[in-house]
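Breakdown of the fold
Here is how the chains run, residue by residue.
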Amino acid sequence: KAGVTQTPRYLIKTRGQQVTLSCSPISGHRSVSWYQQTPGQGLQFLFEYFSETQRNKGNFPGRFSGRQFSNSRSEMNVSTLELGDSALYLCASSWGSNTGELFFGEGSRLTVL
Amino acid sequence: DQQVKQNSPSLSVQEGRISILNCDYTNSMFDYFLWYKKYPAEGPTFLISISSIKDKNEDGRFTVFLNKSAKHLSLHIVPSQPGDSAVYFCAASAIGGGADGLTFGKGTHLIIQP
């Protein structure tokens, strides 16, 4: 059974640019959550999508957005990048709940210069 | 305000001994707790969980203890093995709450010394 797949694995952007990250959940999983991991803050919840609808949202500015497609694949977008957005962005999927066991991808490492 | 705290950024333990990783939480609405393990360049993987109706859950070498009155949980690994060297994250959630997903601690880097 294929795991959660995230692309790209690594990318470098400059301030002011925007970026789109992609996540393919485990087959059959309908919930996709996104987390940001930084050395100082640990893993922080960005948002969760379920059946193409954003179900929950963390405390991040509106520059961070996402969407989910009918096949449960999800994308997240960060606009007007700032240096502080440099982080590992992790996608996690589950059957339905975003508060139990989650299956994480390997993450997309974003560096903003 | 950090709702889940792992106060030890790192912990070094000799192979074969017991590793004890600690986690404290402040939100009394949390009723489900999980531990995740993370190797470099990989995503976190689920290790073990415990519901607030229990005070102990075992899975092989891993045992999680929950003290609700103290808002404290701990993960015991016995015996510790070299492959256990990783970063361990404590996470908490309020089942049905959903709004904040899982709330993670900042992690403890466990190093198993041969």
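A brief look at the structure comes next.

Conventions and cut-offs
- The written sequence of each chain sets the order in which its residues are numbered from 1.
- Note on labels: chains are lettered from A, ligands numbered from 1, in written order.
- Whole-chain, interface and lining totals are the exception, using all residues; otherwise, since this is a predicted model, local features are given only for residues with pLDDT of at least 70 and side-chain atom pairs are given and counted only at 80 or more.
- Side-chain descriptors were evaluated using all non-hydrogen atoms of the structure, hydrogens and water having been removed beforehand.
- Here, the term disulfide refers to a pair of cysteine sulfur atoms separated by no more than 2.5 Å.
- Where helices and strands are cited, they refer to DSSP runs of H or I of at least four residues and of E of at least two residues respectively, numbered from the N terminus.
- Partly exposed residues are those whose accessible area sits between 20% and 50% of the maximum for their type, while under 20% is buried and over 50% is exposed, using a 1.4 Å probe and protein chains only.

As used in these notes, a disulfide is a covalent bond between sulfur atoms, one from each of two cysteines. This structure, assessed with the given rule, holds two disulfides over all chains. Sulfur-sulfur distance for the disulfide between A:Cys23 and A:Cys91 comes to 1.8 Å. Across the disulfide from A:Cys23 to A:Cys91, rotation about the S-S bond amounts to roughly -60°, and the bridge is consequently left-handed. Here A:Cys23, found in strand S3 (residues 19–24), pairs with A:Cys91, found in strand S9 (residues 87–94); they are 68 residues apart in sequence, far enough to count as distant. A:Cys23 gets classed as buried once you look at its relative accessible area, which sits at 0%. Judged by its relative accessible area of 0%, A:Cys91 is buried. Linked covalently through their sulfurs, B:Cys23 and B:Cys90 form a disulfide whose S-S length is 2.0 Å. On the sign convention where negative is left-handed, the bridge of B:Cys23 and B:Cys90, at about -70° about the S-S bond, is left-handed. In this pair, B:Cys23 sits in strand S3 (residues 19–25) while B:Cys90 sits in strand S9 (residues 86–93), placing the two residues 67 residues apart along the sequence. B:Cys90 matches B:Cys23 in its accessibility class, with the two residues each being buried.

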